[in-house]
Amino acid sequence: MSIAKDAKALVQGAAQGLMAKAVALAPDNWVPGGVPDPLIERQHGHVGRAVSRIDGPLKVSGTARFAAEFPMEGMVYAAIVFSTIAKGRIANLDTAEANAAEGVVAVMTHLNAPRLSPPPAFMSNPKAAGGDSLPVMQDETIYWNGQPVAVVLAETQEHANHAASLVEVAYEAEPAVTSFEQARVDARPAVFMGQPLHDEKGKAQAALEGAAVRVGATYRTPRHNHNAIELHAVTVAWQGDVLRVHDASQLVSHTAWSLGQMFGIPEEKVVVTSPYVGGGFGGKCMWQHHVLAAAAAQLCGRPVRLVLSREGVYRLVGGRSLTEQHVSLGADADGKLRALIHRGITAKTPSNVMPEPFILAAKSAYAADTIELDVHAVELDMLANTFMRAPGESVGTFALESAMDELAETLAVDPMELRIRNEPEVDPLSGLSFSSRRIVDAWRAGARAFGWDRRNPKPGSTRDGEWLVGMGCAKGTYPYYRMPGGAARLTLMPDGASVGIAAHEMGMGTATAQVQVTAERLGLPLEAVDFHYGDSTLPGTVLAGGSQQTAAIGAAVIAAHRLLIKQLLEIVGNDSPLAGLKPDDVACRDAGLCKVDEPTRHETYASILARAGRGSVEVIGEGPPPLELMHWSMHSHAAMFCEVRVNAVTGEPRVSRFLGSFDCGRILNPKTAASQFRGGIIMGLGLALMEETQFDERKGRVMNPSLSEYHIPVHMDVPEIDVIWTDIPDPHAPMGARGIGEIGITGTAAAVANAIYNATGKRIRDLPITLDKLL
């Protein structure tokens, strides 16, 4: 099954490759972004202001309703029973005692569950949302340890939880592939987003062997689990022939389409809303709990609330897979890279298309003469892995940037200067021009602010009592994405405007930034703009992932804005000072339109609408295909600086200072952006020092499914984090802005590891860096 999926993806990827070659040669003005967004020039002062999140008061007052807080009349509560084997079948399922328990309404198993089609796996279709393609409670087959085998429905959550403990399941186990080492012999080339995870430029191995200086090492990263503060939850009801889903989602439109496919109903008969999400990071997509809740509601004829316990999240929601990466670098005596080889292996399942793409950062990071990049994947009988903040780049930069530090040490060159010496002028693999690349500016500014010149290059030479002190740096990078499907409804009224798009607010300030952008674009005050989102009935198929939502919304609103101006000029009438003007002749300011080079020729929106006898004008604009990604090499960058202290007696590592210097184009809202940058860095500190899913390879079971055993950073683990940025617009991106949601985690782990080496002289290549590795 997985081989067929990979083959289909490769065919699609080949077609994309042919298109990319044609788009790369097209004139700039034929491509989206070829003409810079007029908003890049500051107009009214809304963009670039530090505006507090408009949803903040609702959240701190407790009036913002999350997925598990919507009341429904007659609602029942669900609890899941999870399998305890990795592969096999259910031999016997005894639910009699559970059915007889107090408060129980029904127990759903494969014996009485509604008949469903398999979920469309994410990336198998533009609207597919499933974490995998496995059937959901349709037969006795077990595919992973933790698979749902029964759902208990009861009048209260306590009754449901108790009755779930009474379900007895006997299994017939079959041999399962759960050992990474044993599966290694069957590793095969990996495919990601329709493209093989393999790239070559020149003969890298030969160049490596002929290089004056060579370094090479293997780096390992473990499995990671999603731990958003809000547990995954749905409140579901069948209202006539409409399936109503209150969700915690990063992709409401995708989920509506996918559930429609499974239940055999049109997507417009599925309404998914998700106004507030307590953290997503790639984990709040469609998993089996969505399907089980909808099926259970259909079975019992009542609304169902299903909230996964923390353990349930570990059993049912995929995370980041493990990687084993080997990086070899060859350079001249002055540090010029002659060979960059980054290859390795990761694990996935047969039912998904998500190998951890850890080579992505290496594709554009450095100007090596020769490059070889490759990912192979093994398939295990485990819960399907999935996207987790900066999939690929977060763990790939750990390996690549640790290797760059090792090369700098071998050459006796400053690690930051080595990176700057190897800055590419064009994309090293594609040859495309960069849309904008100011990482050297970020390096210089970051070094000054951090005090990098105070670093002692001799490892283990700086001490403060019993603490060894060191500094390290690393480059972070994440590509600019803009996915197809963006569309926005823009409604203009005499007293303001509203935007509607099926986008998402997961705490990053989407609604606030988009109100700022729309107000800027229309020349309105902030309070005159409303932003509607998180509803599958709104236009657009927008994913809050890949740091691309801002660009997707921005491109759609640009298209809608153009349509709006065109319609307004069609209804202004001959008496208007705007009569006879074309869309390119006018600009928006002071709640109206004016001639670009003659601002006194102005008429307010209220006057235009009144003259035309219209209460409002409404348009829906669709963003153009994201061809700019094929025409320019587009990336956000970061220069990460870290200071650590390692206790010479206990081996305890502590991050004492951290600074991130970012080059992400224009910053739309400094307040929310700083929060995004810091949040990514904190997640990177967890990646470096503590996060690790303990996976029992004998049973295929996660053994630390709780926050008491799976460690993430808390306040005492996190120092004051400084963030600065270039704020130089990218002329080819909507609003001049590139994504900022994931860049903060990239490079962070390497900066920590490199600082620990500088402090102790010990090079740790296996994450997390725990004190037992430093003793």
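Please refer to the structure placed before this passage.
Predicted model, so just to flag it, every value in this text is computed and none were measured.

We now examine the overall build of the chain. On a plain count of helices and strands, the chain comes out with 18 helices and 32 strands. By principal-axis analysis of the C-alpha atoms, the chain measures approximately 80 × 75 × 55 Å. Here the chain, with 775 residues, has 61% of them falling under the buried criterion. For the chain, contacts bridging at least 24 residues in sequence account for 81% of all contacts bridging at least 6. Each charge class in the chain can be summarised by its mean position, and for the 69 positive and 85 negative side chains these summaries are 3 Å apart.

Moving on, we come to the sheet that holds strand S14 (residues 270-273). Strand pairing in a sheet is mediated by backbone hydrogen bonds. Such pairs are either parallel or antiparallel. Within the open sheet, the seven strands sit side by side as S3-S5-S1-S15-S12-S13-S14. Their pairing is mixed. Where the open sheet ends on each side, the last strands, each with one partner, are strand S3 (104-108) and S14. Ignoring strand direction, the axes of neighbouring strands in this sheet form an average angle of 20°. Sheet topology places strand S1 (residues 76-82) next to strand S5 (residues 148-154); six bridges connect them, and they run antiparallel. Of the residues in S5, the one forming a bridge with Ile-80 is Val-151. On the sheet, helix H4 (residues 157-164) packs against S1, S3 and S5 and is oriented at approximately 25° with respect to S1. Here helix H7 (residues 252-263) sits on the sheet and contacts strand S12 (233-239), strand S13 (242-247) and S14; the angle it forms with S14, its principal contact strand, is near 150°.

Bringing the side chain of His-504 into the picture now. When you line up the elements, His-504 lands in the loop between strand S22 (496-500) and helix H13 (510-522). By relative accessible area, which is 0% here, His-504 ends up buried. A distance of 2.9 Å separates the side chain of His-504 from the backbone nitrogen of Val-252, its partner in a polar contact. Once you skip the residues sitting within four places of it in the chain, His-504 turns out to touch Ser-249, Gln-250, Leu-251, Val-252, Thr-510, Tyr-533, Val-542, Ala-544 and Gln-549.

To continue, consider unusual backbone geometry. Residue Pro-768 follows Leu-767 across a cis peptide bond; omega there is -5°. Counting through the fold element by element, Pro-768 comes out in the segment after helix H18 (748-760). Although it is not a glycine, Met-123 sits at a positive phi angle of roughly 80°. Here Met-123 shows up in the loop between S3 and strand S4 (141-142).

Bringing the nonpolar core into the picture now. Of all hydrophobic cores here, the largest spans 129 residues; its most connected members are Phe-658 and Val-752. Residues contacting Val-752, with those up to four places away along its chain left out, are Cys-642, Val-644, Val-655, Phe-658, Leu-685, Ala-688 and Leu-689. Ranked by size, the runner-up nonpolar core spans 42 residues in total, among them Ala-519, Val-557, Ala-560 and Leu-568.

To continue, consider the packing of aromatic side chains. Throughout the structure, instances matching the rule amount to 13 aromatic pairs. Here Tyr-219 and Phe-398 contribute two aromatic rings whose centre-to-centre distance is 5.9 Å and whose plane-to-plane angle is 85°, an arrangement assigned as edge-to-face. Highlighted residues: Tyr-219 in strand S11 (residues 213-221) and Phe-398 in helix H10 (residues 393-411), separated in sequence by 179 residues. Of the two residues, Tyr-219 and Phe-398, neither departs from the other in class, the shared state being buried. In textbook terms, an aromatic cluster arises when at least three aromatic residues are bridged by ring pairs, as seen for Trp-443, Phe-450, Trp-452 and Phe-641. A cation sits over an aromatic face here: Arg-437 above Phe-434, 4.6 Å from the ring centre. Here the basic side chain of Arg-763 rests over the ring of Tyr-757, its NZ or CZ set 3.9 Å away from the ring centre.

What follows is about H18. Here H18 spans 18 Å end to end across 13 residues, near enough to the 18 Å set by a 1.5 Å rise per residue. A large share of H18 lies buried, amounting to twelve of its 13 residues. Those residues of H18 not exposed but buried are Thr-748, Ala-749, Ala-750, Ala-751, Val-752, Ala-753, Asn-754, Ala-755, Ile-756, Tyr-757, Asn-758 and Ala-759. Gly-761 occupies a position one or two residues after H18 and carries a positive phi of about 80°.

Let us now look at the pattern of salt bridges. Throughout the structure, instances matching the rule amount to 42 salt bridges. Notably, a salt bridge pairs Arg-338 with Asp-369, separated by 2.4 Å at the nearest N-O pair. Taken together, the residues Arg-338 in strand S17 (residues 337-348) and Asp-369 in the loop between S17 and strand S18 (370-379) connect sequence positions 31 residues apart. When its relative accessible area of 27% is taken as the criterion, Arg-338 is described as partly exposed.

Turning next to the pairing of S14. For a regular strand, the rule is simple: side chains alternate between the two faces of the sheet. Of the two faces of S14, the one carrying Val-270 and Val-272 and the one carrying Val-271 and Thr-273 are both buried. Relative to S14, S13 runs parallel, the two being bridged by four bridges. Looking across to S14, one finds that His-246 is bridged to Thr-273. Handedness of the crossover joining S13 and S14 through H7 is recorded here as right-handed.

Here we come to the sheet that holds strand S27 (residues 617-622). Spatially, four strands are ordered S23-S22-S21-S27 in an open sheet, and the strand pairing comes out mixed. Of all the strands in the sheet, just strand S23 (529-532) and S27 have a single pairing partner and so form its edges. The average angle at which neighbouring strand axes cross in this sheet is 15°, direction not considered. Note: strand S21 (residues 487-493) against S22, five bridges, orientation antiparallel. Bridging across to S22, Arg-489 finds its partner in Gly-500. Along the sheet face, H13 touches S21, S22 and S23 and points at about 135° away from the line of S23.

This part takes up helix H15 (residues 605-612). Where H15 is concerned, the buried positions are Tyr-605, Ile-608 and Leu-609. Projected down its long axis, H15 shows its buried positions confined to an angular sector of 95°, all on one face. Positive phi appears at Gly-613, one or two residues downstream of H15, with a value of about 65°.

Our next topic: the packing of helix H17 (residues 670-689) against H18. Across the interface, H17 lies against H18 with an axial gap of 8 Å and an inter-helix angle of 55°. Taken together, the axis directions place H17 and H18 in an arrangement best described as oblique. For the pair H17 and H18, the sense of crossing is right-handed. For the pair H17 and H18, the contacting residues are Ile-681, Gly-684, Leu-685, Leu-687, Ala-688 and Leu-689 in the first and Thr-748, Ala-749, Val-752 and Ile-756 in the second. In terms of residue class, the contact of H17 with H18 is made up of eight nonpolar, two polar and no charged.

Once that is clear, we can look at the packing of H10 against H18. Any two packed helices are characterised by the angle at which their axes cross and by the distance between the axes. Running from N to C, H10 and H18 point in directions that differ by 35°, and their axes come no closer than 8 Å. Handedness of the H10/H18 crossing: right-handed. Contact residues: Thr-397, Phe-398, Glu-401, Ser-402, Asp-405 and Glu-409 in H10; Ala-749, Ala-750, Ala-753, Asn-754 and Tyr-757 in H18. Residue composition of the contact of H10 with H18, grouped by class: five nonpolar, three polar and three charged.

In this structure, Ala-749 sits in helix H18. Of the residues examined, Ala-749 reaches a relative accessible area of 1% and is grouped as buried. Distance in space between the C-alpha atoms of Ala-749 and Val-270 is 41 Å, their sequence separation being 479 residues. With residues up to four places along the chain from it excluded, the contact list for Ala-749 reads Phe-398, Gly-684, Leu-687, Ala-688 and Leu-767.

In this section: the environment of Glu-356. Inspection of the secondary structure puts Glu-356 in the loop between S17 and S18. Overall, Glu-356 belongs to the buried group, its relative accessible area being 0%. Remark: the alpha-carbon pair of Glu-356 and Val-702, spanning 346 residues in sequence, is separated by 19 Å. Here Glu-356 is in contact with Arg-320, Ser-321, Thr-323, Thr-346, Val-375, Pro-391, Gly-392 and Val-395, once residues within four sequence places are set aside. At 2.7 Å, the side chain of Glu-356 forms a polar contact with the backbone nitrogen of Gly-392.

The rules behind these values
Residues numbered from 1 in each chain as written. Predicted model: local features only at pLDDT ≥ 70, side-chain atom pairs only at ≥ 80, totals over all residues. Heavy atoms only, no water. Helix = DSSP H or I, 4+ residues; strand = E, 2+ residues; numbered from the N terminus. Buried < 20%, exposed > 50% of the residue type's maximum accessible area, 1.4 Å probe, protein only. Contact = heavy atoms within 4.5 Å. Lys, Arg positive; Asp, Glu negative; His and termini not counted. Charge placed at Lys NZ, Arg CZ, Asp CG, Glu CD. Pairing = 2+ DSSP bridges. Axes fitted to C-alpha atoms, helices over the stretch in contact; angles between N-to-C directions. Polar contact = N/O pair within 3.5 Å; in protein donor to acceptor, adjacent residues only side chain to side chain. Core = buried A, V, L, I, M, F, W, Y, C linked by side-chain atoms within 4.5 Å. Phe/Tyr/Trp six-rings, centres within 6.5 Å; stacked < 30°, edge-to-face > 60°. Lys NZ or Arg CZ within 6 Å of the ring centre and 35° of its normal. Expected span 1.5 Å × (residues − 1). Salt bridge = Lys/Arg side-chain N within 4 Å of Asp/Glu carboxyl O. Right-handed = clockwise from strand over helix to strand, strands pointing away. Arc of directions from axis to C-beta. Parallel < 35°, antiparallel > 145°, perpendicular 65-115°, else oblique. Left-handed = near helix turned anticlockwise from the far one by under 90°. Nonpolar A, V, L, I, M, F, W, Y, C, P; charged D, E, K, R; others polar.

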